[in-house]
Amino acid sequence: MLNIVKDAISLIYHATSNIDYRNNEVVVVYHSIDDIANDDDPYKINLKPDLFARQLEFLHSIKKRDLLLTFDDGFENFFYNAFPLILKYNITSIVFVTTDFINERLTFDQLTNAKGKLSPLHWDQLREIANNGVEIGSHTLTHPDLSKLNDEIANRQIFDSKKIIEDNIGKEVKYFA
């Protein structure tokens, strides 16, 4: 019984803290969907796959608004734990990728100083995702705080990452986060 209550609280907390209502649209922001222990998730960016599945079932069952799911950073667990459900429920989604993370020039641990188990998506997975109707967006080259960069470096972070993604997936990148 305690696990059911914990799951319900977690589901409600995650669902309400990551939802942005705009006009008649609902945007739900995610990062990682995986079975990561809470102690290995210091930034609290992970959602367990079973809770994610229940969220999608619920959101799909009450679909009275336009729904958009976004996934930041480009974690490989998206491919295994979220992508199949997005296809099943035909939910509009965008995966925002940090290109140096995808190219394995940068690890998630370097991005966050966390000791985690989060691996990046690979270009072949991103092509498959894009070819199945999920948009791929840019999330910079190295995930910096853009407000702390001069214009030239910020522009390079934004536009070089866009070009790298387009060159690798063969599709236009329309979105940035």
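Here, the structure is the one placed above.
Nothing here was measured: the structure is a model prediction, and the numbers come from that model.

### So, the overall build of the chain
Secondary structure assignment for the chain yields seven helices and seven strands. At a minimum sequence separation of 6, the contacts of the chain that also span at least 24 residues come to 67%. With an accessible surface of roughly 10,100 Å², the chain has 50% of that area assigned to carbon and sulfur atoms.

### Looking at the packing of aromatic side chains
Tallied over the full model, the rule gives eight aromatic pairs. When the ring of Y30 is compared with that of F71, the centres are 5.2 Å apart and the planes differ by 15 degrees; the resulting orientation is stacked. Highlighted residues: Y30 in strand β2 (residues 25-30) and F71 in strand β5 (residues 66-73), separated in sequence by 41 residues. When its relative accessible area of 1% is taken as the criterion, Y30 is described as buried. Ring centres 5.7 Å apart and planes at 25 degrees place the aromatic pair F79 and F83 in the stacked group. With a gap of four residues between them, F79 and F83 both fall in helix α3 (residues 77-89), about one helical turn apart. In this structure F83 comes out as buried when scored by relative accessible area, which is 4%.

### Some points on the packing of helix α2 (residues 49-61) against α3
Interaxial distance between α2 and α3 falls to 10 Å at its minimum, and their mutual angle equals 15 degrees. Between α2 and α3, the interaxial angle falls into the category roughly parallel. The interaxial crossing formed by α2 with α3 has right-handed handedness. Where α2 approaches α3, its residues P49, F52, A53, L56, E57 and H60 are matched on the opposing element by N81, A82, L85, I86 and Y89. Here the residues of the contact of α2 with α3 are counted per class, giving eight nonpolar, two polar and one charged.

### Focus on helix α7 (residues 151-169)
Taking 1.5 Å of rise per residue, the 19 residues of α7 would be expected to cover 27 Å, and the 27 Å separating its terminal C-alpha atoms lies within 8% of that figure. Every buried residue of α7 is accounted for by A154, Q157, S161, I165 and I169. Viewed end-on, α7 has its buried residues packed into an arc of 55 degrees, placing them on one side of the element. In this structure, α7 carries D151, E152 and D167 as exposed residues pointing more than 90 degrees from its buried face. A side-chain oxygen of the first residue of α7 lies 3.1 Å from the backbone nitrogen of E152; this N-cap is N150.

### What to know about the pattern of salt bridges
The tally for this structure, following the rule as stated, stands at seven salt bridges. A salt bridge links D50 to R54, with the shortest nitrogen-to-oxygen separation between them at 3.4 Å. Here R54 and D50 lie together in helix α2, a separation of four residues that amounts to about one turn. By relative accessible area, which is 33% here, R54 ends up partly exposed. A salt bridge links R105 to D100; its shortest N-O distance comes to 3.3 Å. Take R105: its relative accessible area is 58%, and that puts it in the exposed class.

### Focus: the nonpolar core
Counting residues in each nonpolar core, the largest one holds 34 residues, and the members touching the most others are F52, L69, F71, F78, L126, I129 and I136. Elements represented by at least two residues in this core include exactly β2, α2, β5, α3, β6 (92-97), α6 (123-131) and α7. Top contributing element to this core by residue count: α3, with seven residues. Grouped together as the second largest cluster of nonpolar side chains are six residues, I36, I45, F75 and L118 included.

Thresholds applied
- Residues numbered from 1 in each chain as written.
- Predicted model: local features only at pLDDT ≥ 70, side-chain atom pairs only at ≥ 80, totals over all residues.
- Heavy atoms only, no water.
- Helix = DSSP H or I, 4+ residues; strand = E, 2+ residues; numbered from the N terminus.
- Contact = heavy atoms within 4.5 Å.
- Areas by Shrake-Rupley, 256 points an atom, 1.4 Å probe, with all protein chains shown as cover.
- Phe/Tyr/Trp six-rings, centres within 6.5 Å; stacked < 30°, edge-to-face > 60°.
- Buried < 20%, exposed > 50% of the residue type's maximum accessible area, 1.4 Å probe, protein only.
- Axes fitted to C-alpha atoms, helices over the stretch in contact; angles between N-to-C directions.
- Parallel < 35°, antiparallel > 145°, perpendicular 65-115°, else oblique.
- Left-handed = near helix turned anticlockwise from the far one by under 90°.
- Nonpolar A, V, L, I, M, F, W, Y, C, P; charged D, E, K, R; others polar.
- Expected span 1.5 Å × (residues − 1).
- Arc of directions from axis to C-beta.
- Polar contact = N/O pair within 3.5 Å; in protein donor to acceptor, adjacent residues only side chain to side chain.
- Salt bridge = Lys/Arg side-chain N within 4 Å of Asp/Glu carboxyl O.
- Core = buried A, V, L, I, M, F, W, Y, C linked by side-chain atoms within 4.5 Å.

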